[in-house]
Structures are given as structure tokens and as C-alpha cells.
Amino acid sequence: MLTDAGAARLEGVLPTHIADIEQWFTGLLTPQQLDQLLEALRIIRDVVRPSATAGAEHVERTEEEVATGAGG
């Protein structure tokens, strides 16, 4: 369980962490490369944790969402 202090800490660091991921990782990829990366990660996820998406619906993302990291 996340404590109040932990939640406050997470709230404080998360925006910078997300911006860093966009700047130094996903933001360096074209939309097509990002799609390929996500597909590869899904393959790995499905082998490592086959029930990870049980009950979840796959949602297609628009190119804009992929490019901006939105719509996850």
C-alpha cells in the first residue's frame, strides 16, 4: 500500500520522469518505430506474464497519440 508520503513523493517526481522518458526514449522514435517497440514489448509481456491483460480491451492509438505518448 502506498503511504501518503509515498503518494506525495510520486506526485512530485512523476511529471519530470514522464518528460524525461519522452525526451530521451520514446520521443527519439518515429511513430512506426514506437509501434514496433510496443509490439515487441507486448510479445515479451505475453510470454512473461500471460495473464497480464486478462479482461483488458486492446485500444488502438492514433498516430498523434503514438507520437506524443498519449492515449496509452
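Residues numbered from 1 in each chain as written. Predicted model: local features only at pLDDT ≥ 70, side-chain atom pairs only at ≥ 80, totals over all residues. Heavy atoms only, no water.

Chemist: Please provide a residue-by-residue account of the overall build of the chain, values included.
Modeler: From N to C terminus, the chain includes 3 helices and 0 strands. Taken from N to C terminus, the helices and strands of the chain fall in the order α-α-α. Evaluated residue by residue, the chain yields a buried proportion of 4% over its 72 residues. Of the roughly 6100 Å² of accessible surface on the chain, 59% is carried by carbon and sulfur atoms. (Helix = DSSP H or I, 4+ residues; strand = E, 2+ residues; numbered from the N terminus. Buried < 20%, exposed > 50% of the residue type's maximum accessible area, 1.4 Å probe, protein only. Areas by Shrake-Rupley, 256 points an atom, 1.4 Å probe, with all protein chains shown as cover.)

Chemist: Tell me about the pattern of salt bridges, residues and numbers included.
Modeler: Summed over all chains, the structure comprises 2 salt bridges. With its nearest N and O atoms 3.9 Å apart, the salt bridge here joins Arg42 to Glu39. Within this pair, Arg42 and its partner Glu39 are both found in helix H2 (residues 31-48), separated by 3 residues, close to a single helical turn. Arg45 is the partner of Asp46 in a salt bridge, and the nearest nitrogen-oxygen pair spans 2.9 Å. Residue classification places Asp46 among the partly exposed residues on the basis of a relative accessible area of 37%. (Salt bridge = Lys/Arg side-chain N within 4 Å of Asp/Glu carboxyl O.)

Chemist: Break down the confidence of the model for the chain for me, citing the residues and quoting the values.
Modeler: Of all residues in the chain, 78% have pLDDT values of 70 or greater, and the mean over the chain is 86. Model confidence for the chain, summarised as mean pLDDT per element, is weakest for helix H3 (residues 63-68) at 58 and strongest for helix H1 (residues 4-24) at 96. (pLDDT = per-residue confidence, 0-100.)

Chemist: Provide a residue-level description of a nonpolar patch on the surface, including the pertinent values.
Modeler: A grouping of Leu2, Leu10, Val13, Leu14, Ile18, Ile21 and Phe25 is seen on the molecular surface, where their side chains present a nonpolar patch of about 600 Å² in accessible area. Within the element layout of this structure, Leu14 appears in helix H1. Given a relative accessible area of 38%, Leu14 falls into the partly exposed group. (Patch = residues over 30% accessible without salt bridge, like charges linked within 9 Å, V, L, I, M, F, W, Y side chains within 5 Å.)

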